[in-house]
Amino acid sequence: MCGTESGRYVALDLGGTNFRVLMIELKGQRDSAPDVVSKVFLIPLRIMLGTAQMASHSLYTLCIVSSYLFIHLITSALSLRLPTV
């Protein structure tokens, strides 16, 4: 990275107990910090303790649905330049 990258990017982080979706906006300026908005989705205990097949199907579905909803909500928020947490 040279510090002039710009655009909106989505990052997905699957941990042992949660699934985190991040929307990151790079401004294309070396001295400017990126805007980062994230949402954490808890993984239900029944999925954590279930079979691998159950977990992979459930997590895939969670990934698709949560990413879709989060991207649309955050895209609107970033367009309005709302403060991020």
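This text follows the structure it describes.
Residues numbered from 1 in each chain as written. Predicted model: local features only at pLDDT ≥ 70, side-chain atom pairs only at ≥ 80, totals over all residues. Heavy atoms only, no water.

1. As for the overall build of the chain
So, point 1. A tally of helices and strands in the chain yields 2 helices and 3 strands.
So, point 2. What you see in the chain, going N to C, is helices and strands ordered as β-β-β-α-α.
So, point 3. Within the span of the chain, comprising 85 residues, buried residues form 21% of the whole.
So, point 4. Excluding contacts between residues fewer than 6 apart, the proportion of contacts in the chain whose partners are at least 24 apart in sequence is 45%. (Helix = DSSP H or I, 4+ residues; strand = E, 2+ residues; numbered from the N terminus. Buried < 20%, exposed > 50% of the residue type's maximum accessible area, 1.4 Å probe, protein only. Contact = heavy atoms within 4.5 Å.)

2. Topic: a nonpolar patch on the surface
So, point 1. On the surface, Leu 45, Met 48 and Leu 49 cluster together into a nonpolar patch covering about 330 Å² of accessible area.
So, point 2. For Met 48, a relative accessible area of 35% corresponds to the partly exposed category. (Patch = residues over 30% accessible without salt bridge, like charges linked within 9 Å, V, L, I, M, F, W, Y side chains within 5 Å. Areas by Shrake-Rupley, 256 points an atom, 1.4 Å probe, with all protein chains shown as cover. Salt bridge = Lys/Arg side-chain N within 4 Å of Asp/Glu carboxyl O.)

3. Comments concerning the sheet that holds strand 3 (residues 35-42)
So, point 1. Strand order in the open sheet formed by 3 strands is 1-2-3, with antiparallel pairing between adjacent strands. Of all strands in the sheet, those with a lone pairing partner are strand 1 (6-14) and strand 3, marking the two edges. On average, adjacent strands in this sheet sit at an angle of 10 degrees to one another, irrespective of strand direction.
So, point 2. Across 8 bridges, strand 2 (residues 18-27) lies against strand 3 in antiparallel orientation. Considered in strand 3, the bridge of Leu 22 is made with Ser 38. (Pairing = 2+ DSSP bridges. Axes fitted to C-alpha atoms, helices over the stretch in contact; angles between N-to-C directions.)

4. A closer look at the pairing of strand 2
So, point 1. Both strand 1 and strand 2 contribute to a ladder of 9 bridges, which runs antiparallel. Within strand 2, the position partnered with Gly 7 by the bridge is Leu 26.
So, point 2. The loop that links strand 1 with its antiparallel partner strand 2 comprises 3 residues.

5. Points about the packing of aromatic side chains
So, point 1. Using the criterion set out here, one finds 1 aromatic pair in the structure.
So, point 2. An angle of 40 degrees between the planes, with centres 6.4 Å apart, marks the rings of Phe 19 and Phe 41 as tilted. Here Phe 41 lies in strand 3 and Phe 19 lies in strand 2, a separation of 22 residues in the sequence.
So, point 3. Assessed through its relative accessible area of 6%, Phe 19 is described here as buried. (Phe/Tyr/Trp six-rings, centres within 6.5 Å; stacked < 30°, edge-to-face > 60°.)

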